[in-house]
Amino acid sequence: MLRAKPKNLKFLCAIAVCLLIACVLLGFRIFRWEPESIEVNHYDVLLKNWHGEHSGLRFVIVSDIHQSVLPKDIARLKRIVRLVNDENPDVVLLLGDFMGERFNRKRNNASPEAIAAILKKLKSAYGVFAVLGNHDWWHDGDAVRKALENVGIKVLENESAELRIGGKTLNLIGLPDRITRNHILNTGLLPDAAVPALVLSHDPDYFEELKLPYEFMLAGHTHGGQVQLPWIGALIVPSKYGTKYASGFFEDGGRKLFVTRGVGTSILKVRFLCPPEIAVVTVRKAPEADNTSASAL
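**Re a positive patch on the surface**
A grouping of Lys78, Arg79, Arg82 and Lys121 is seen on the molecular surface, where their side chains present a positively charged patch. The topology assignment puts Lys121 in the loop between α3 (112-119) and β4 (128-130). For Lys121, a relative accessible area of 59% translates into the label exposed.

**Regarding the nonpolar core**
Counting 32 residues, the largest nonpolar core has Leu94, Phe98, Leu119, Leu148 and Ile278 as its most contacted members. Taken together, the elements giving at least two residues each to this core come down to β2 (57-62), α2 (71-86), β3 (91-94), α3, β4, α5 (141-150) and β14 (277-285). When sequence neighbours within four positions are dropped, the list of residues in contact with Phe98 reads Ile65, His66, Gln67, Ile115, Leu119, Ala130, Val131, Leu132, Asp136, Val144 and Leu148. Within the second largest apolar cluster, 25 residues are counted, among which are Leu47, Val131, Phe216 and Val281.

**Some thoughts on the sheet that holds strand β7 (residues 168-174)**
Taking strand neighbours across the sheet as the criterion, the six strands line up as β6-β7-β8-β9-β13-β12 in an open arrangement whose pairing is mixed. Since the sheet does not close on itself, it has two edges, and those belong to β6 (159-165) and β12 (248-252), each with one partner. Adjacent strand axes in the sheet meet at a mean angle of 20° when their direction is disregarded. Relative to strand β13 (residues 255-259), β12 is paired through five bridges, and the arrangement is antiparallel. Pairing of Phe249 across the sheet is with Phe258, part of β13.

**Overview of α5**
Since the α-helix turns once every 3.6 residues, residues separated by three or four places project in the same direction. Along α5, the positions that sit buried rather than exposed are Gly141, Val144, Ala147 and Leu148. Projection of α5 onto a plane perpendicular to its axis shows the buried side chains occupying an angular sector of 130°, all on one side. Opposite its buried face, α5 presents the exposed residues Asp142, Lys146 and Asn150, each directed more than 90 degrees away. The inward-facing, buried residues of α5 contact α3, β4, α4 (134-139) and β5 (154-155). A positive backbone phi angle near 90° is found at Gly152, which sits one or two residues after α5.

**Quick word on the environment of Ala143**
Its place among the elements puts Ala143 in helix α5. For Ala143, a relative accessible area of 22% gives the class partly exposed. Residues Ala143 and Val84, spaced 59 residues apart in sequence, show a C-alpha to C-alpha distance of 24 Å.

**Quick look at the pairing of β14**
With seven of its nine residues buried, β14 lies for the most part within the structure. Relative to β14, strand β1 (residues 39-47) is paired through nine bridges, and the arrangement is parallel. Paired with Leu47 across the strands is Lys285, a residue of β14. Looking at chain direction, β2 and β14 are connected through five bridges and run antiparallel. Paired with Val60 across the strands is Val280, a residue of β14.

**What to know about the packing of aromatic side chains**
Applying the stated criterion across every chain, the model contains eight aromatic pairs. A ring pair is formed by Tyr43 and Phe258, whose centres lie 4.9 Å apart and whose planes are at 50°; its orientation type is tilted. Of this pair, Tyr43 sits in strand β1 while Phe258 sits in strand β13, and the two are 215 residues apart along the sequence. Residue classification places Phe258 among the buried positions, given a relative accessible area of 1%. By the ring-pair criterion, three or more aromatic residues cluster together here, those being Tyr43, Phe216, Phe249 and Phe258. The ring centre of Trp138 lies 3.8 Å from the NZ or CZ of Arg102, which sits over that ring. Lying over the aromatic face of Phe207, Arg255 brings its terminal NZ or CZ to 4.2 Å of the ring centre.

**Remarks on the sheet that holds β14**
Pairing is mixed across the open sheet formed by six strands, whose spatial order is β1-β14-β2-β3-β4-β5. The sheet is open, and its two edges are formed by β1 and β5, each paired on a single side.

**Here's the deal with the pattern of salt bridges**
Considering all chains together, one arrives at 23 salt bridges under this definition. With its nearest N and O atoms 3.6 Å apart, the salt bridge here joins Arg178 to Asp203. Taken together, the residues Arg178 in helix α6 (residues 178-181) and Asp203 in the loop between β8 (197-201) and α7 (205-210) connect sequence positions 25 residues apart. With respect to burial, Arg178 and Asp203 carry one shared label: buried. Shared partners join several salt bridges into a network, and the residues in it are Arg32, Glu36, Lys72, Asp73 and Lys269.

Parameters at a glance
- Residues numbered from 1 in each chain as written.
- Predicted model: local features only at pLDDT ≥ 70, side-chain atom pairs only at ≥ 80, totals over all residues.
- Heavy atoms only, no water.
- Patch = residues over 30% accessible without salt bridge, like charges linked within 9 Å, V, L, I, M, F, W, Y side chains within 5 Å.
- Areas by Shrake-Rupley, 256 points an atom, 1.4 Å probe, with all protein chains shown as cover.
- Salt bridge = Lys/Arg side-chain N within 4 Å of Asp/Glu carboxyl O.
- Lys, Arg positive; Asp, Glu negative; His and termini not counted.
- Charge placed at Lys NZ, Arg CZ, Asp CG, Glu CD.
- Helix = DSSP H or I, 4+ residues; strand = E, 2+ residues; numbered from the N terminus.
- Buried < 20%, exposed > 50% of the residue type's maximum accessible area, 1.4 Å probe, protein only.
- Core = buried A, V, L, I, M, F, W, Y, C linked by side-chain atoms within 4.5 Å.
- Contact = heavy atoms within 4.5 Å.
- Pairing = 2+ DSSP bridges.
- Axes fitted to C-alpha atoms, helices over the stretch in contact; angles between N-to-C directions.
- Arc of directions from axis to C-beta.
- Phe/Tyr/Trp six-rings, centres within 6.5 Å; stacked < 30°, edge-to-face > 60°.
- Lys NZ or Arg CZ within 6 Å of the ring centre and 35° of its normal.

As structure tokens, this is what we get:
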């Protein structure tokens, strides 16, 4: 005698198949599609200490490349360069961690020279500038710096580059990597804060720790946490301040910070709701406060 199958067996099987498909799709997104995707995001920022002649300057920011030697990753870096050039930047800013794995036991990292040869094709009106990150110094910071500067990319550490645009001066200030080079930090070498400037730091923690007298700092390093959950946000961020400076814009007492999510990954090649980005930041002069309408009480 045959037994009748439970009425809900087909329903349970359908649910199981749907869950399996959902897990496969989620895994594909987390481990393949999102890590390899690249967003080009546009941001505007208003600065008080900014020349009117420089209003509208476009800074294209690339951080945390973490370049491997794999052909598909080399092709991806070439695509990043093309996307940057498509934005017709006034200035290109590279915020460190060009090198990939920290220990590189399997020799997966691309060489500084191979990375620089691709980045050599970056184009901008007023130059390409960089700071180095912790992965670069764990590898060989001097070799990374030499490779970049050999292709015309100026690396800044405890120093600034002075740009003359429209007859006015703009300073680009580069800080040493906070994790590996904090011991050589010398703020006494930095230029007059009265001159408009952008501060380049691989690590955003300097924003809180140094409180430099400049209006705008740019940083990377965090990757946005790589994994962000709905209603929760980033799970793990490599920062002394937890998730406080995971990514985006921050302000403290008139000082502003922008932290990019970067284009690469570290430790695990995973991203979720935190896609890699090339950031295009357009800086404009903030309108002067109108004091003529103020009236005495």
